[in-house]
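Examining the three-dimensional arrangement
Here is what each chain is made of, one letter per residue.
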Amino acid sequence: GAGVSQSPSNKVTEKGKDVELRCDPISGHTALYWYRQSLGQGLEFLIYFQGNSAPDKSGLPSDRFSAERTGGSVSTLTIQRTQQEDSAVYLCASSLAGASGYTFGSGTRLTVV
Amino acid sequence: KNEVEQSPQNLTAQEGEFITINCSYSVGISALHWLQQHPGGGIVSLFMLSSGKKKHGRLIATINIQEKHSSLHITASHPRDSAVYICAVSGNNDMRFGAGTRLTVKP
């Protein structure tokens, strides 16, 4: 597609359940980022994929968070045993390379109840 | 101290005013980005800078690498410019964000 696509756009889940968030980057973009924005807070880096290199996971807040990027394209962010503090908008962005312009998806709003 | 500091946090202007938002950073960077986040939450990348100045329509972004400082200017501001403007710096892999400047332009 023309932009970065994220799904679902909204997700409400019960505390303790696992959730999967999906990001479809722009075709050909080798770099993919996950960020999150908690209510009233700034953007927080989570994880970075660049081509076939090992991802930079330095921003993941706990081992309940993991992400995969299959075939260098679609990425899935998985949150296990969700907690209320995981409630946030999860944003994905992609770019041609690590330091070129980014295109953001519209985000997934996750609410843990 | 945050690695990326923006000022002001909030800014209210009258339509037509010239607006400046400032960003200072304390880490080495490969590029600096200005992002715009509208009330619905969508984020648009406005500029990516590694030196000098860029202009797009009524928006101008400048960066001084030696002083580790960037400014975003909006000329002839309009109510549709109302948004949160976020400064971000990118290093090798990650991107670090300022807290954002909430701009409200009144008609």
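Residues numbered from 1 in each chain as written. Chains lettered and ligands numbered in written order. Predicted model: local features only at pLDDT ≥ 70, side-chain atom pairs only at ≥ 80, totals over all residues. Heavy atoms only, no water.

A short note on the sheet that holds strand E3 (residues 19-25) of chain B
For sheets, the rule is that strands pair by backbone hydrogen bonds, running either parallel or antiparallel. Residue and element names in this part refer to chain B. Read across the open sheet, the five strands follow the order E1-E3-E8-E7-E6; overall the sheet is antiparallel. The open sheet has two edge strands with one neighbour each: strand E1 (4-7) and strand E6 (52-56). Taken over all neighbouring pairs, the strand axes of this sheet differ in orientation by 15 degrees on average, direction set aside. Summarising the sheet, E1 and E3 pair through four bridges and their orientation is antiparallel. Bridge pairing links Gln-6 to Cys-23 in E3. (Pairing = 2+ DSSP bridges. Helix = DSSP H or I, 4+ residues; strand = E, 2+ residues; numbered from the N terminus. Axes fitted to C-alpha atoms, helices over the stretch in contact; angles between N-to-C directions.)

Regarding the state of the cysteines
Under the definition given, this model contains two disulfides over all chains. Covalent S-S linkage joins Cys-23 of chain A and Cys-92 of chain A, the inter-sulfur distance amounting to 1.8 Å. Disulfide Cys-23 of chain A to Cys-92 of chain A: torsion about the S-S bond roughly -65 degrees, handedness left-handed. One end of the pair, Cys-23 of chain A, is in strand E3 (residues 19-24); the other, Cys-92 of chain A, is in strand E8 (residues 88-95), and 69 residues separate them in sequence. Residue Cys-92 of chain A is classed as buried on the basis of its relative accessible area of 0%. For Cys-23 of chain B, the disulfide goes to Cys-87 of chain B, at an S-S distance of 1.9 Å. Residues Cys-23 of chain B and Cys-87 of chain B are joined through a disulfide that is left-handed, its torsion about the S-S bond being -65 degrees. Residue Cys-23 of chain B is located in strand E3, and its partner Cys-87 of chain B is located in strand E9 (residues 83-90); the two are separated by 64 residues in the primary sequence. Overall, the relative accessible area of 0% leaves Cys-87 of chain B in the buried class. (Disulfide = S-S within 2.5 Å. Buried < 20%, exposed > 50% of the residue type's maximum accessible area, 1.4 Å probe, protein only.)

Some words on the pattern of salt bridges
All names here are of chain B. A full pass over the atoms with the stated rule returns six salt bridges over all chains. Among the ionic pairs, Arg-96 bridges to Glu-3, the shortest N-O distance being 2.7 Å. With a gap of 93 residues between them, Arg-96 in strand E10 (residues 95-97) and Glu-3 in the segment before E1 connect regions that are remote in the sequence. Judged by its relative accessible area of 33%, Glu-3 falls in the partly exposed class. The salt bridge involving Arg-58 is made with Asp-81; its shortest N-O contact spans 2.9 Å. Linking Arg-58 in the loop between E6 and strand E7 (59-64) with Asp-81 in the loop between strand E8 (69-74) and E9, this pair joins segments that are 23 residues apart in sequence. (Salt bridge = Lys/Arg side-chain N within 4 Å of Asp/Glu carboxyl O.)

A look at the interface of chain B and chain A
Chain B puts 14 residues into the contact, and the matching count from chain A is 14 residues. Taken together, both faces of the contact between chain B and chain A bury some 1300 Å²; the carbon and sulfur share is 62%. In this structure, the connection of chain B to chain A is made through zero salt bridges. Counting across the interface, chain B meets chain A through one residue pair in polar contact (both at pLDDT 80 or more). At the level of elements, strand E4 (31-37), strand E5 (43-49), E9 and E10 of chain B are the ones that each hand at least two residues to the side of chain B that touches chain A. If you tally residues by element for the side of chain B that touches chain A, the top one is E4 of chain B, at four residues. The residue makeup of the side of chain B that touches chain A, split by class, is seven nonpolar, six polar and one charged. (Contact = heavy atoms within 4.5 Å. Buried area = accessible area lost by both parts, 1.4 Å probe. Polar contact = N/O pair within 3.5 Å; in protein donor to acceptor, adjacent residues only side chain to side chain. Nonpolar A, V, L, I, M, F, W, Y, C, P; charged D, E, K, R; others polar.)

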